[in-house]
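# Fold and geometry: a report
So the chains spell out like this:
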Amino acid sequence: MYEGPVQDLIDELGRLPGVGPKSAQRIAFHLLGADPADVTRLQQALQKVKDGVVFCDICGNVSEQPTCRICRDARRDPSSVCVVEEPKDVLAIEKTREFKGRYHVLGGALDPLSGIGPDQLRVRELLQRIGAEEVTEVILATDPNLEGEATATYLARWLKPMGLRITRLASGLPVGGDLEYADEITLGRAFEGRRAV
Ligand SMILES: [Zn+2]
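The notes below deal with the structure included here. (Residues numbered from 1 in each chain as written. Predicted model: local features only at pLDDT ≥ 70, side-chain atom pairs only at ≥ 80, totals over all residues. Heavy atoms only, no water.)

## Looking at the side chain of Ser79
Its place among the elements puts Ser79 in the loop between helix H4 (69-72) and strand E3 (80-84). A distance of 2.8 Å separates a polar atom in the side chain of Ser79 from a polar atom in the side chain of Asp77. Residues contacting Ser79, with those up to four places away along its chain left out, are Glu134, Val135, Thr136 and Glu137. (Helix = DSSP H or I, 4+ residues; strand = E, 2+ residues; numbered from the N terminus. Polar contact = N/O pair within 3.5 Å; in protein donor to acceptor, adjacent residues only side chain to side chain. Contact = heavy atoms within 4.5 Å.)

## What to know about the coordination of the zinc ion
A four-donor tetrahedral metal ideally has 109.5 degree angles, and a six-donor octahedral metal ideally has angles of 90 or 180 degrees. Bound to the zinc ion on the protein side are Cys56 (SG), Cys59 (SG), Cys68 (SG) and Cys71 (SG), at distances that span 2.3 Å. One way to put it: the 4 donor atoms around the zinc ion meet at angles of 104 to 115 degrees, and that makes the site tetrahedral. We note that the donor set of the zinc ion lies within a single chain, spaced as C-x2-C-x8-C-x2-C. For the pair Cys59 and Cys68, one class covers both residues: buried. (Donors = N, O, S within 2.8 Å, 3.2 Å for Na, K, Ca; no water. Tetrahedral: all angles 85-135°; square planar, octahedral: opposite > 155°, others 65-115°. Buried < 20%, exposed > 50% of the residue type's maximum accessible area, 1.4 Å probe, protein only.)

## Regarding the packing of helix H6 (residues 123-132) against helix H7 (residues 146-159)
Interhelical geometry of H6 versus H7 gives an angle of 35 degrees and a closest axis separation of 12 Å. The element H6 and its partner H7 pack so that their crossing is right-handed. Of H7, the residues touching H6 (which contributes Val123, Leu126, Leu127 and Ile130) are Tyr154, Leu155, Trp158 and Leu159. (Axes fitted to C-alpha atoms, helices over the stretch in contact; angles between N-to-C directions. Left-handed = near helix turned anticlockwise from the far one by under 90°.)

## Some words on the packing of aromatic side chains
Evaluated as defined, the whole model comprises 3 aromatic pairs. Ring geometry for Phe99 and Phe191: centres 5.4 Å apart, planes at 50 degrees, overall tilted. With a gap of 92 residues between them, Phe99 in the loop between helix H5 (87-96) and strand E4 (102-105) and Phe191 in helix H8 (residues 184-192) connect regions that are remote in the sequence. As far as the burial class goes, Phe99 and Phe191 line up, both buried. (Phe/Tyr/Trp six-rings, centres within 6.5 Å; stacked < 30°, edge-to-face > 60°.)

## Brief notes about the nonpolar core
Core analysis: the biggest nonpolar cluster contains 21 residues, and Cys82, Ile93 and Leu169 have the highest contact counts within it. Among the elements of the structure, H4, E3, H5, E4 and H8 are those that each provide at least two residues to this core. Other than its neighbours up to four places away in sequence, Cys82 contacts Ile93, Phe99, Arg102, Tyr103, His104, Ile139, Ala141 and Phe191. Of all hydrophobic cores here, the second largest spans 18 residues; its members include Val138, Ala152, Ala156 and Leu164. (Core = buried A, V, L, I, M, F, W, Y, C linked by side-chain atoms within 4.5 Å.)

## Quick notes on the sheet that holds strand E5 (residues 137-140)
The 5 strands lie next to each other as E4-E3-E5-E6-E7, forming an open sheet whose pairing is mixed. Bordering the open sheet on either side are E4 and strand E7 (195-196), each of which pairs with just one other strand. Relative to strand E6 (residues 165-168), E5 runs parallel, the two being bridged by 4 bridges. Looking at E6, one finds that Ile139 is bridged to Thr167. Along the sheet, H6 makes contact with E3, E4 and E5, crossing E4 at roughly 150 degrees. (Pairing = 2+ DSSP bridges.)

## Focus on the pairing of E5
Here E5 shows a buried face lined by Glu137 and Ile139 and a second buried face lined by Val138 and Leu140. Strand direction decides the pairing type here: E3 and E5, joined by 4 bridges, are parallel. Paired with Ser80 across the bridge in E5 is Glu137. For the crossover from E5 across H7 to E6, the handedness is right-handed. (Right-handed = clockwise from strand over helix to strand, strands pointing away.)

Just geometry here; none of it tells us what the structure is for.
What follows is the structure, encoded as structure tokens:
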């Protein structure tokens, strides 16, 4: 335990995902010794992300405007919607350059043990969107783990009666992992080889 502000910083850093107590301590002491200009830049970046970044009204992706860059792009195919868990998954799929449609970000996956049901995700928004837009294919690109599979199965049950082509990414993705951890080539192939469910 350190005194006041240093311990406060370690505690705050330790609350970040993937940062254990040791890393939190290392980052805190790094910042303590860092050039004040570097710390100011970090501080401003944090402030800007909270002040200037919102979630897209249509797809739920992070955006600097009420609708995101992808939803505003008229060249993107509106008939194909790729459903992902998090904004970082949009980035991972964009990197493969395999997909020219639009996205829908759920904001997580079904996880009853943690109290995350359909109402905690952007499921209603997805169904409304599909009812209102000219969507013909929905690609369920949730993570290849238990929660992701359960979410895809749940969504397929709702979407199938709507007469859409429902596909799931091909196998070959590391099972149990996050979509973002797959390399671009593997993810690109999984996209190309997507199968109907
Ligand atoms: Zn959007």
